[in-house]
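Descriptive analysis of the structure
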Amino acid sequence: MKPNNNSVVLVHGHGVDASIWNGIYADLSLEANVLKPDFSRLNNHTTIEAYAEELYGHLQSAQIDKVILVGHSMGGYIALAFADQHPEMIQGLVLYHSTATADDEARKEARRQAIEELQKNGTAPFIRKQMPKMVAPAYPAEKTQALIDRFEQLPADALVAGLKAMAARPDRTHVLRNAQFPILLVLGQEDQVIPYEKVAKLAELSSQVSVAPVNEAGHLSMVEQPDVAISILRSFVDKF
């Protein structure tokens, strides 16, 4: 397939870093200009909007004025905020195991507890607790352990900053409802973090929104099912 001039930006989620995209980065780079900024060590932002402006700075530095944004989990919240602030720059938007709704009170309380645990015990116990929830139940334990080993050195203060930002984020379903660009919801059928059924309903907000389910995947399908992930993203990028 011949390369095109599209710029695709892969924004990782919380509790991982930009290397989470490594399994699909090379294939996607064959047909688009792909960036994967790393926000995993930032500890100076406590709002999703601030992360979005950090992303805007990256794109300005790279002289990119039109972009296909792919945001995983927290990265999806950042992508939505970016689309809210800079809609003229968006060609297409992919919410990758993410949602446009705000946290409910139960989720906010869970984040507050996680912040306390991170501040008291550091990163390793947090990642050991979270990572098994981020993959499908049948995902091999040794592969889950490899992910734990990979990410348990992330800075606790950066993880705390991200949790505060996620808990404070507003509902952004209006971005989907009013979108002048295509939006794809990539959803793991076995996602234990952001349930498939709940997020799939967001497709009802606009004819611009479509759903791509990933079987036998939880919250990290780019790692769990990389061949399916690259196929879904290629099909979306090829529209432009």
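Description of the structure in this document. (Residues numbered from 1 in each chain as written. Predicted model: local features only at pLDDT ≥ 70, side-chain atom pairs only at ≥ 80, totals over all residues. Heavy atoms only, no water.)

Strand order in the open sheet formed by six strands is β2-β1-β3-β4-β5-β6, and the pairing between neighbours is parallel. Either end of the sheet is taken by a strand with one partner, and the two such strands are β2 (33-35) and β6 (209-214). Within this sheet the neighbouring strands show an average axis-to-axis angle of 20°, counted without direction. With four bridges connecting them, strand β1 (residues 7-11) and strand β3 (residues 67-72) associate as parallel partners. By the bridge assignment for β3, L10 is matched with V70. (Pairing = 2+ DSSP bridges. Helix = DSSP H or I, 4+ residues; strand = E, 2+ residues; numbered from the N terminus. Axes fitted to C-alpha atoms, helices over the stretch in contact; angles between N-to-C directions.)

All right, on to the environment of E54 then. When you line up the elements, E54 lands in helix α2 (residues 48-61). Sequence spacing of E54 and L220 is 166 residues, and the spatial spacing of their C-alpha atoms is 24 Å. If we ignore the near neighbours within four places in the chain, the residues touching E54 are F39, L42 and H45. (Contact = heavy atoms within 4.5 Å.)

Here we come to helix α4 (residues 105-121). Since there are 3.6 residues in each turn of an α-helix, residues three or four apart along the chain are aligned in direction. Its 17 residues give α4 an end-to-end C-alpha distance of 24 Å, which sits within 8% of 24 Å, the value for a rise of 1.5 Å per residue. Burial in α4 covers these residues: R111, A114, I115 and L118. For α4, the buried positions fall inside an angular range of 105° around the axis, keeping them on one side. Seen from the open side of α4, the exposed residues pointing more than 90 degrees away from its buried face are E105, A106, E116 and K120. Against α3 (74-85), α5 (123-130) and α7 (156-168) lie the buried residues of α4. Looking one or two residues beyond α4, the residue adopting positive phi is G122, at roughly 85°. (Expected span 1.5 Å × (residues − 1). Buried < 20%, exposed > 50% of the residue type's maximum accessible area, 1.4 Å probe, protein only. Arc of directions from axis to C-beta.)

Bringing unusual backbone geometry into the picture now. Backbone geometry places Q63, a non-glycine residue, at a positive phi of 60°. Mapped onto the elements, Q63 comes out in the loop between α2 and β3. Notably, H97 is not glycine yet its phi reads approximately 55°, a positive angle. Here H97 is to be found in the loop between β4 (90-96) and α4.

Counting buried positions along β1 gives five out of five residues, so the element sits mostly inside the fold. Note that β1 and β2 share three bridges and pair parallel. Pairing of S7 across the sheet is with N33, part of β2. A crossover links β1 with its parallel partner β2, the connecting element being helix α1 (residues 22-29), and its sense is right-handed. (Right-handed = clockwise from strand over helix to strand, strands pointing away.)

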